[in-house]
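# Descriptive analysis of the structure
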Amino acid sequence: MIRSVQSFGFSSENSPLLQNNTIPARFPNSPLRMMSFTSHVVQTVSIPYEELKDQNADLSKKIGEGFGPNGLGIISISAVPGYASLRRNLLHLAPRLASLPGEVKRGLEDPNSRYNFGWSHGKEKLESGKPDLLKGSFYANPICDIPTDDVSLIKRYPSYCGQNIWPRDALPELELAFKALGKLILDVGLLLAYHCDCYVSRGLEHDDEGLQQILLRSRCHKGRLLYYFPTLRSDYTEDGDSMSSWCGWHTDHGSLTGLACAMFMRNGVELPCPDSAAGLYVKTRSSEIVKVVYGEDEIAYQIGETTEILSRGRLCATPHCVRAPKGEAASGVDRSTFALFMQPDWDEKLNFPDVVNIHQEFLQPNGSLSFGEYTEKLLDKYYNLKS
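What counts and what doesn't
Every chain begins its residue count from 1, and numbering advances along the sequence as written. Given that this is a predicted model, residues contribute local features only at a pLDDT of at least 70 and side-chain atom pairs are listed and counted only at 80 or more, while totals for whole chains, interfaces and linings are drawn from all residues. Side-chain numbers here rest on the full set of heavy atoms in the structure, without hydrogens or water. The numbering of helices and of strands both runs from the N terminus, where a helix is a DSSP run of H or I of at least 4 residues and a strand a run of E of at least 2. Think of it in three bands: residues with accessible area under 20% of the maximum for their type are buried, residues over 50% are exposed, and the middle band is partly exposed, with areas taken using a 1.4 Å probe on protein chains only. Any two residues whose heavy atoms approach within 4.5 Å at even a single point are treated as in contact. Axis lines are fitted through C-alpha atoms, for helices just across the contact stretch, and the angle between N-to-C directions can take any value from 0 to 180 degrees. Each angle receives one of four descriptions, namely roughly parallel if under 35 degrees, roughly antiparallel if over 145, roughly perpendicular if within 65 to 115, and oblique otherwise. When residues are sorted by character, Ala, Val, Leu, Ile, Met, Phe, Trp, Tyr, Cys and Pro go into the nonpolar class, Asp, Glu, Lys and Arg into the charged class, and all the rest, Gly among them, into the polar class. Only the six-membered ring of Trp is used, alongside the rings of Phe and Tyr, when aromatic pairs are assigned; centres must lie within 6.5 Å, and planes under 30 degrees apart are stacked while those over 60 apart are edge-to-face, with the rest tilted. Any Lys NZ or Arg CZ that is within 6 Å of a ring centre and within 35 degrees of that ring's normal is treated as a charge sitting over the ring. A 3.5 Å cut-off defines polar contacts: any pair of N or O atoms within that distance qualifies, except that in protein one atom must be a possible hydrogen donor and the other a possible acceptor, and neighbouring residues in sequence count only when both atoms are side-chain atoms. Per residue, pLDDT measures the predictor's confidence, with a range of 0 to 100. We count a salt bridge whenever a side-chain nitrogen from Lys or Arg sits within 4 Å of a carboxyl oxygen from Asp or Glu. Should DSSP find at least two bridges between two strands, the strands are regarded as paired. Grouping buried Ala, Val, Leu, Ile, Met, Phe, Trp, Tyr and Cys residues that are joined through side-chain atoms within 4.5 Å yields what is termed a nonpolar core.

Along the chain, Asn-164 falls in the loop between α7 (158-161) and α8 (173-201). The class for Asn-164 is buried, based on a relative accessible area of 12%. Counting along the chain gives 24 residues from Asn-164 to Ala-140, while the straight-line C-alpha distance between them is 5.4 Å. In this view, Asn-164 contacts Phe-117, Ala-140, Asn-141, Cys-144 and Asp-145; residues no more than four positions away in its chain are not counted.

Written as structure tokens, this is what we have:
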């Protein structure tokens, strides 16, 4: 059930037309076109932390409303102890990181991991095909600095098995703040995964391990601190009026993505989002585009494709994008946010059901792949890396 808060209309002729098997996060999209439409603003299904941590609580109704086939693929958790201060501590460091000297940031880059560890700026592409210079990202594993010392694994899965790169001299407080927020979002996500398992297990006869256990033993979790640079011209975006002007349409390919509410600042001073049309947009199963909102002190979680496949479609991933603010009030405003990609270990065997509706070209019914192999096939599909 989608609860509408308000609605507004606009035209976005450069936005891509979405399909259920859209391209996963951080993989490039093909620029298709969409007609104009009216978008509704909806509040996420929200679960208080006190209820979430109670394993005896029956949260199946809320899990179904948020993550089920008719949901938005997103649920928020409210009143998490300590979260508000950890969020502010880390997000305030994003502009400081982005302002470090060029030679320092170059020393934080890791091309071997396709810039999936350390600093990344201008390495990804917008839907127009132009380099994305609007934002900078810092990637790290908040749980372990060195997931493995196996050289063959590091060579095969560099984006998962590589080592963290911290600016310990230039910005020493980043490491502690990044790990603290990432660990908290992971711990809360594991509680949510438990209730997802309870929801999925009802009416299903299979012996596969649940989402919580898969994520508990993973060494693959990846945090991403994002900083969107302020624009000098309030109406400027690299992709013009594209709805996905800040983050292109995609579906996360992992298991569960934890999201911190974005922080907007001008000259270091916090302020509300300067444009009511800006923010996170989701495409529903009925092809409706909705803007999704949740509280500043809530943690939002989105389902990824891997969880949709393994849950036999009882938990559903949804395509989403981020629209940049426009207008005079947005001039000189920057945006900082954080995402934690919770995903299986690279050698975790994924056992596929007898019916697979996503990536049917390489996912065989009743077959299996490791998560690392699955990711490689996605990279092959979208980057054509292998001849």
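With that settled, consider the packing of helix α2 (residues 60-67) against α8. At their nearest, the axes of α2 and α8 sit 9 Å apart, and the two run at 95° to each other. One element, α2, and the other, α8, form an angle in the roughly perpendicular class. Along its contact with α2, which presents Ser-60, Ile-63, Gly-64 and Phe-67, the element α8 presents Leu-192, His-195, Cys-196 and Tyr-199. Split by residue class, the contact of α2 with α8 holds five nonpolar, three polar and no charged.

The next subject is the packing of aromatic side chains. All told, the structure shown has seven aromatic pairs when counted by the stated rule. Plain terms: the ring middles of Phe-371 and Tyr-374 are 6.2 Å apart, the flat faces sit at 55° to each other, and that makes the pair tilted. Here Phe-371 and its partner Tyr-374 are both found in helix α11 (residues 371-383), three residues apart, which amounts to about one turn of the helix. Tyr-374 shares its class with Phe-371; the two are buried. Connected via pairs of aromatic rings, a cluster forms that spans Phe-138, Trp-166, Phe-178 and Phe-338. Note that Lys-222 overlies the ring of Phe-117, its terminal NZ or CZ placed 4.0 Å from the centroid. When the ring centre of Tyr-199 is taken as reference, the NZ or CZ atom of Arg-314 above it lies at 4.9 Å.

This part is about the environment of Tyr-281. As for its position among the elements, Tyr-281 is in strand β12 (residues 279-283). For the pair Tyr-281 and Lys-291, spaced 10 residues apart in the sequence, the C-alpha separation amounts to 4.4 Å. One polar contact links the side chain of Tyr-281 to the main-chain carbonyl oxygen of Ala-277, over a distance of 2.5 Å.

On average, residues of the protein score 84 in pLDDT, and 82% of them are at 70 or above. For the stretch residues 236-241, pLDDT sits under 50, and the model shows 14 contacts to residues farther than four places along the chain or on other chains.

Attention now goes to α2. Turning to α2, its buried residues number three or more, namely Ser-60, Ile-63, Gly-64, Gly-66 and Phe-67. Next to the buried residues of α2 lie β3 (45-48), β4 (74-78), α8, β9 (256-260) and β14 (299-303).

The subject of this paragraph is the pattern of salt bridges. Should their charged atoms come close, side chains of opposite charge can pair. Throughout the structure, instances matching the rule amount to 16 salt bridges. With its nearest N and O atoms 3.0 Å apart, the salt bridge here joins Lys-183 to Asp-187. Here Lys-183 pairs with Asp-187, and both are found in helix α8, just four residues apart, close to one helical turn. In this structure, Arg-219 and Asp-345 form a salt bridge, with 2.7 Å as the shortest nitrogen-oxygen distance.

On to the pairing of β14, then. Side-chain direction in a regular strand flips from residue to residue, so the side chains alternate between the two faces of the sheet. Where burial is concerned, most of β14 is hidden: five out of the five residues are buried. Here β14 shows no split at all, with Ile-299, Tyr-301 and Ile-303 on one side and Ala-300 and Gln-302 on the other all buried. Sheet topology places β4 next to β14; four bridges connect them, and they run antiparallel. In the sheet register, Ile-77 faces β14, and the bridge partner there is Ile-299. Pairing between β9 and β14: five bridges, direction antiparallel. Residue pairing in the sheet places Leu-256 in a bridge with Ile-303 of β14.

Quick look at the nonpolar core now. If you look at soluble globular proteins, the nonpolar side chains tend to sit buried side by side. Counting residues in each nonpolar core, the largest one holds 54 residues, and the members touching the most others are Ile-63, Phe-67, Ile-77, Leu-192, Leu-225, Tyr-301 and Phe-338. The element that contributes the greatest number of residues to this core is α8, accounting for 14 residues. With sequence-adjacent residues up to four places away left out, Ile-63 is seen in contact with Ile-47, Gly-68, Ile-75, Leu-192, His-195, Cys-196, Tyr-199 and Leu-315.

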